[in-house]
Amino acid sequence: MSTSRFHFSSGNLSKVLAIPKYMLSWLLALCIPRARGTWAFGSGIGVGEGALALAREVASTQPDAKISWLVATDTEARLAADAGFIPVMRQGWRGYWTTLRAATLVVTHGLGDVNRFGVFGGTIVQLWHGAPLKRIHLDSPVTTAIGGPAILRGVLRRMYERGTKQVALYVAGSVTAAERLRSAFRVAPGKVQVLGDPRDDALARQAVDPTLAHAARTSVAELLTAHGAAPLAEGEKLVLYAPTWRDGDTDPAIPSSDEIGMLRDALASAHARLVIRSHPLGEGEYDSAVGEHIHLLGSDVARDITPLLGGFDALITDFSSIAIDYSLLERPVLWFAPDLADYTRTRGLYEALEVTAGTIVERDWAGVARALEPALTAGSAAHRESTRAVRRIAARFHEHRDGQSATRVLAAIGRLHLPPTELVSADGVFFESYYGRQVSCNPLAIDREIAARYPALPRYWSVTSERQSVPAGATPVLVGGREWFAARRLATLVVVNDWLRYGFTRSAGQTVLQTWHGTMLKHLALGRPNVSLRTRLAIRRESRRWSLMLSQNPHSTEQFRESYAFSGEIIESGYPRDDRLARADLGDARNPIERSTARLALGIPEGVSVLAYVPTWRDQGAAVVDELNVNALAAELGDDWVVVARGHTRTHAFGGYLRGDPRVIDASAHPDINDVILAADLLVTDYSSVMFDTAVAGVPMAFFVPDLAAYRDRERGFTFDFEQTAPGPLLTARTDVVAHARELQAHGAAAPWVAAYAEPYAAWRAQFTPHDDGNATARVVDCLEELGAL
């Protein structure tokens, strides 16, 4: 069997050469209205994938809809017509015009599934074609491969990025898949919705209905028989081998004659047949393997394999998303990847294949042959292990297993056209913390107070992932989604702790409270050195969006006036996020209940001392800051210490701290930094505003600042004389940190260095935490009430 190859590099060259066509089509799309009730479907495999399931759902629920299917061959045209759709050749004037006029465009691979020049201005739905295991789109270097100078790759990358932004809805089967799609397509979280994969609807029904699964088996048997195979014997098992596409390269798993013989023996012993199916876009010469017990089932025979998966007793695959589909059946999967190291290096995987598989990954056909019969033997240890691993895969990658994903997707498409008032309740409160990356800080404290006073008031929380939990009674809205824009636009009160982004304009009667996220040691905004004119304009434009600001102390109030040129009202009341810390501070005997609760939340064992390391981020780098080397620090401190490390929110997307030592706890993703502060016997930071929060709780502090001169003089600069007023020692060597920690452990508050800094610590608290008495939140909400913001 041989299929045509597709290479990204050749496809990319044609994209770049077509730039004039794209520009002309964009201009034409501005003048041509789209026809309501018209749909244009397409798929990289022809008439199939989730697009087919969704098209059937449209046809059954919207009888007046005009459904066209963009095809590449006469065979595909016949299949589209047989399915009840209007076949249209995607290339040429008619394909262009059909795409340009259709109100909704549905694709599974890329914009080229329809006529790529006619997509501008349409409502585009990207179903994708399986949960990504291998890195896809902009997450993989092969996507933008092209010969020629670097400028060509830059142009090509921008073209891909512009194309992804045109899509109104990406559909994912699970949160894990959604996170990978968001990364691959560089789109806002709200553009990707976890609705289930329509291509798996038939398979999900087969998983719970043996009659449907038997019908799929009958279909497979008939296809094989029609192409020369002997009829299936009673009890004979069917095993599918479906490798993924190798980016145009030949499949490296094609078996040798000796391996074919080994496979035939294993299949005969297992009373099974092997059905080989290469990826539709790849090329694999498996003809030599065809014969006794081994058959081919190419895309020329069965264009879409997913609806037939219920007919197979086991699956052999490598990096293909077919394993995710098949996991719905909870039947054995054998993983076989002879080129695992090379493929991981060149294409890349989102996680190690062994992690996904949860079992052994075979590297040669000999291993597959040995594993085959045990895996097919119900009740055997191998069969139990494989099915357990498959169930774990299904739990991770299938949020919906009811066979109704096409229905959900169609409903979501309908919501794309609803007015904002039908998406969310008006006159609510919108909260956002750290661009939606956390549900924390001052907005969270204010939310709790508002919820207590106004339990019926609609409250919306901006989030970047479905994994985030929001307060009881609040509604999460994914950043960049239509519900997110609607909630922010219609809210009476908007509470944020960072910039608003996405072209926000304050509505009439709307109050925007900017709480910020810490007292500033380092210069902010206009106070930073070498701020460009463009940045200065952006800063002033942003601050004009705010109605009110929240300040922890007089120093912050002064800095907000200067750094953001803010002339509105500033509520100087202390920090709501620090109320818990203020109530927990009982001097040397800090609230033992709060301390115990914090340690339990972080998973800290009893009877150990805790050093918390909480550095800020650096302007010139996105990686987690680990100047202290937390693993080496834990080793030097010894078994009676635990190091809790927390990176800045701006570095969370780039990973946390690597745990080389079991005594290191990475709390970067922990929802409440107050737990880190309250759990600590000693908190070590550099230039982070956590130093002001920690002072509220009275926790001893040390400052690890080996780059002090560079940070002070070249990166940000300080808003006051930090070196003269710091409430703890400024250290430059890890050995000094260890020494101070051990001294504190031995002597507590009587430790010489702690006693030496008692007066500076008290002065620090008087200057920077004068209002933090545990009641800041109540004062802020009182003020909002007085201003009519609630």
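What follows is about the pattern of salt bridges. Should the charged atoms of two oppositely charged side chains come close, the side chains can pair. On inspection of all chains with the given rule, the structure shows 35 salt bridges. Among the salt bridges present, the one from Asp447 reaches Arg459, with a minimum N-O distance of 2.9 Å. Placement of Asp447 in helix α17 (residues 441–453) and of Arg459 in strand β15 (residues 459–463) is noted, with a sequence separation of twelve residues between them. Both residues of the pair, Asp447 and Arg459, belong to the buried class.

Turning to the pairing of strand β1 (residues 35–41), a few remarks are in order. Note: β1 against strand β4 (residues 102–107), four bridges, orientation parallel. The residue of β4 that forms the bridge with Ala35 is Ala102. Pairing analysis gives four bridges linking β1 to strand β2 (residues 66–71), with the strands arranged parallel. For Ala40, the partnering residue across the bridge sits in β2 and is Ser68. Once you follow β1 into helix α3 (residues 49–61) and on to β2, the crossover reads as right-handed.

With that settled, the discussion passes to the sheet that holds strand β5 (residues 123–126). Spatial strand order, β3-β2-β1-β4-β5-β6-β7: seven strands in an open sheet with parallel pairing. Edge strands, defined here as strands with exactly one partner in the open sheet, are β3 (86–89) and β7 (192–194). The average angle at which neighbouring strand axes cross in this sheet is 25°, direction not considered. Both β2 and β3 contribute to a ladder of four bridges, which runs parallel.

To continue, consider the sheet that holds strand β19 (residues 548–551). The parallel open sheet is built from seven strands, whose spatial order is β16-β15-β14-β17-β18-β19-β20. The sheet terminates laterally at β16 (475–478) and β20 (569–572), the two strands that pair on one side only. Each adjacent strand pair in this sheet contributes to an overall mean axis angle of 25°, direction not counted. Taken together, the three bridges between strand β14 (residues 429–432) and β15 define a ladder with parallel strand orientation. Within β15, the residue paired with Phe431 across the bridge is Trp461. Sheet strands in contact with helix α18 (residues 482–490) are β14, β15, β16 and β17 (493–496), and its direction is about 120° off that of β14.

Since one α-helical turn is 3.6 residues long, residues separated by three or four positions face the same way. In this model helix α14 (residues 365–376) runs 16 Å from its N-terminal to its C-terminal C-alpha over twelve residues, within 8% of the 16 Å that 1.5 Å per residue would give. With nine of twelve residues buried, α14 is to be regarded as a mostly interior element.

Viewed as axis vectors pointing N to C, helix α23 (residues 630–637) and helix α28 (residues 734–747) meet at an angle of 45°, and their least axial separation amounts to 10 Å. As far as their axial angle goes, α28 and α23 are oblique. For the element pair α23 and α28, the recorded crossing hand is right-handed. The segment α23 lies against α28, with Ala632, Leu633, Glu636 and Leu637 engaging Arg734, Thr735, Val737, Val738, Ala741 and Arg742. Its residues placed into classes, the contact of α23 with α28 shows six nonpolar, one polar and three charged.

Cut-off values and rules
- Residues numbered from 1 in each chain as written.
- Predicted model: local features only at pLDDT ≥ 70, side-chain atom pairs only at ≥ 80, totals over all residues.
- Heavy atoms only, no water.
- Salt bridge = Lys/Arg side-chain N within 4 Å of Asp/Glu carboxyl O.
- Helix = DSSP H or I, 4+ residues; strand = E, 2+ residues; numbered from the N terminus.
- Buried < 20%, exposed > 50% of the residue type's maximum accessible area, 1.4 Å probe, protein only.
- Pairing = 2+ DSSP bridges.
- Right-handed = clockwise from strand over helix to strand, strands pointing away.
- Axes fitted to C-alpha atoms, helices over the stretch in contact; angles between N-to-C directions.
- Contact = heavy atoms within 4.5 Å.
- Expected span 1.5 Å × (residues − 1).
- Parallel < 35°, antiparallel > 145°, perpendicular 65-115°, else oblique.
- Left-handed = near helix turned anticlockwise from the far one by under 90°.
- Nonpolar A, V, L, I, M, F, W, Y, C, P; charged D, E, K, R; others polar.

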